[in-house]
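Summary of structural features
These are the residues of each chain, in order.
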Amino acid sequence: MPSRPDAPQPGVLGSTRRRSLILPVAAALTSGSLPALAQPRSGASRPGAGQRAPTGPAPTPANTPLGPFDTIARQAFIIDADTDAVLLEKNADERMPPSSMSKLMTMYVVFSMLKEGRLKLDQELPVSERAWRMQGSKMFVQIGSTVPVEALIRGVIVQSGNDACIVLAEGISGSEQQFAELLNEKGKQIGLTDSTFRNATGWPDPEHRMTCRDLARVARRIINDFPEYYKYYNERSFTWNGISQENRNPALARVPGADGLKTGHTEEAGYGLTASAKRGDRRLIVVFNGLPTMRARGEESERLLEWGFREFENVVLFRAADVIEEVPVHLGDRRTVPLVGGKDVVVTLPRQWRQRLQARVKYEAPIAAPVLKGQELGRLEVSGQGVPNLSLPLLAGADVDRLGLVARIPAVIGRWFGS
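Here's what I pulled together on the structure shown here. Residue numbers restart at each chain and count upward from 1, following the sequence in its written direction. Local features in this predicted model are restricted to residues whose pLDDT is 70 or higher, and side-chain atom pairs enter the listing and the counts only when it is 80 or higher, whereas totals over whole chains, interfaces and linings include all residues. Calculated side-chain values reflect all of the structure's heavy atoms, with hydrogen atoms and water omitted.

**Topic: the sheet that holds strand E11 (residues 270-279)**
Here, a strand pair is defined by DSSP locating no fewer than two bridges between the strands. Put simply, DSSP marks the helices as runs of H or I at least four residues long and the strands as runs of E at least two long, and each gets a number from the N terminus on. Judged by pairing direction, the sheet is antiparallel, and its five strands sit side by side in the order E5-E4-E12-E11-E10 without closing on themselves. Only two strands of the sheet have a single neighbouring strand rather than two, namely strand E5 (86-90) and strand E10 (258-266). Averaged over all pairs of adjacent strands, the angle between strand axes in this sheet comes to 5 degrees, irrespective of strand direction. Where strand E4 (residues 75-80) and E5 come together, four bridges link them in antiparallel fashion. Pairing of Ile79 across the sheet is with Val86, part of E5. Whether two residues touch is decided by their heavy atoms; if any such pair falls within 4.5 Å, the residues are in contact. Axis lines are fitted to C-alpha atoms, over the contacting stretch for helices. Their N-to-C directions set the angle, which ranges from 0 to 180 degrees. Sitting on the sheet, helix H10 (residues 294-311) touches E4, E5, E10, E11 and strand E12 (282-291), and the angle it makes with E12 is about 145 degrees.

See below:
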């Protein structure tokens, strides 16, 4: 039977006592095999015969619930897309040049307008001379022509076309400068706290900056808000104007379950990647930047995603309708009210440390009637070594009406003498 460390204290009529219930969640979890800690896959980062390892900075550690983990990335961040648990971070809030990874925000705006009916996939947008002359990675649109929005989307996502970005920006806002203002406005709306946009492409600009954490937020919003358009990120090649180009995302070919999102590279930024992979019910998002070569980017994408899937798992603590505790009710037409989570409570845990999980239920008792179903009555607090601290609301699982006047009199007298 669960222990109650805070024993009821005697008091006067109407006094309230705080109750805290520690739940033996860890003992109820099914144990599993314990994989090796934070080790790269055998041979995953070794050069092949006759090949030289990529030159670059010596690996330095990132922070993880399992302890330090080396990566040559200057910035890195891994989250579980469903629980938002942070699995790894290294300079995750450092403002950095995102290069073409900032095209994720450009696509978020485009997808938003499609969903609102302000753009159509078959709508044709004109190609200006400025778009045609744009350098860097290109879709190779032709000056004076028009291009369907869907083709432009594929040109941005698969081919990383700077020219396609400008066609979209000019078609939506009239100019790339005005479109950048729209990016800043939309970024604030979706919770980007450390991002500033000066163009639609990620072209080098000293004020165009994002963080790994913000890139992960954009990626997660694209996946969750626009599942009907997210499919474009998994296309392996696209042909326009007779020129076929392969998707630059190395995770698509190297990591089982990978289905997006976007690479980036400039001389200042190095090689970067925002990627996502799904296996079963789990989805991870990884963001890193500052790698020395394309090859290193591919190897690090595989190593970090495999590590995240191997070393962590998602555990259901409670289902939405599970009764976590019965709470006494004062002057109600029933003596107790059930506490429920209202939704499935899922946490991401390191596999070998899940037995250290603790869950504590806190509430005031007794609860004064009336009580409405769905009313917040307490909190579920989850903690433990290697476990992200969580505080979740607990709700009344039923209505409890207040007793009538005649019925309240003996209840009040009984409680007074009982106290």
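**Regarding the packing of helix H4 (residues 149-157) against helix H5 (residues 162-173)**
Two numbers describe how H4 lies on H5: the axes approach to 8 Å, and their chain directions differ by 140 degrees. In this view, H4 runs oblique relative to H5, as classed from their interaxial angle. For H4 against H5, the interelement crossing comes out left-handed. Between H4 and H5, the residues in contact are Val149, Leu152, Gly155 and Val156 and Ala164, Cys165, Val167 and Leu168, respectively. Here the residues of the contact of H4 with H5 are counted per class, giving seven nonpolar, one polar and no charged. Oblique is the label for any angle not covered by the other classes, which are roughly parallel (under 35 degrees), roughly antiparallel (over 145) and roughly perpendicular (65 to 115). Put simply, a crossing is left-handed when the front helix is turned counterclockwise from the back one by less than a right angle, and right-handed when it is turned clockwise. The residue classification treats Ala, Val, Leu, Ile, Met, Phe, Trp, Tyr, Cys and Pro as nonpolar and Asp, Glu, Lys and Arg as charged. All others, Gly included, are polar.

**Some thoughts on the packing of helix H2 (residues 103-115) against H5**
Taken N-terminus to C-terminus, the directions of H2 and H5 make an angle of 40 degrees; their axes are 11 Å apart at the nearest point. Considering their axes alone, H2 and H5 lie oblique with respect to each other. Considering the relative orientation of H2 and H5, their crossing is left-handed. Residues Lys103, Met107, Val110 and Met113 of H2 pack against Asn162, Cys165, Leu168 and Ile172 of H5. In terms of residue class, the contact of H2 with H5 is built from six nonpolar, one polar and one charged.

**Here we look at the pairing of strand E9 (residues 243-246)**
Pairing geometry for strand E8 (residues 237-240) and E9, over four bridges, is antiparallel. When the bridges of E9 are listed, Ser237 appears paired with Glu246. Between E8 and E9, which pair antiparallel one after the other, the connecting turn spans two residues, and Asn241 there sits at a positive phi close to 55 degrees.

**Considering empty space enclosed by the protein**
A cavity here means a set of points on a 1 Å grid, drawn over the protein atoms and nothing else, where a 1.4 Å probe fits but cannot get out; a pocket is an open set with protein on both sides within 12 Å along at least five of seven lines, and a residue lines either one if it has an atom within 4 Å of a point. Grid points are joined across faces, edges and corners, and a volume is the space filled by probe spheres set on the points. By the definition in use, this model includes one cavity of 30 Å³ or more. By volume, the largest cavity is sized at about 50 Å³. Lining the largest cavity we find Pro97, Pro98, Ser99, Gly202, Trp203, Pro204, Asp205, His208, Arg209, Thr266 and Glu268. Here the residues of the lining of the largest cavity sort into four nonpolar, four polar and three charged.

**Considering the nonpolar core**
In a soluble, globular protein the nonpolar side chains are often hidden away together inside. Each nonpolar core is a collection of buried residues, namely Ala, Val, Leu, Ile, Met, Phe, Trp, Tyr and Cys, held together in the definition by side-chain atoms within 4.5 Å. Using a 1.4 Å probe on the protein chains alone, a residue whose accessible area is under 20% of its type maximum counts as buried, one over 50% counts as exposed, and one in between counts as partly exposed. Met105, Met107, Phe111, Leu152, Ile153 and Tyr233 are the most contacted members of the largest nonpolar core, which has 60 residues in total. Of all elements in the fold, only E4, H2, H4, H5, helix H6 (176-189), helix H7 (212-225), helix H8 (227-230) and E12 reach the threshold of two or more residues within this core. For this core, the element with the highest residue contribution is H2, accounting for nine residues. If sequence neighbours within four positions are ignored, Met107 has contacts with Ile153, Val156, Ile157, Leu168 and Tyr233. Counting 27 residues, the second-largest nonpolar core is a separate cluster that includes Leu88, Val255, Leu284 and Phe309.

**Points about the pairing of E4**
The buried count for E4 comes to six of six residues, which makes it a mostly enclosed element. Burial along E4 is two-sided: the face carrying Gln75, Phe77 and Ile79 and the face carrying Ala76, Ile78 and Asp80 are both buried. In this structure, E4 lies alongside E12, joined through six bridges in antiparallel fashion. Across the sheet, Gln75 pairs through a bridge with Asn289, a residue of E12. Counting the residues in the hairpin turn of E4 and E5 gives five residues, including Asp84, whose phi is positive at 65 degrees.

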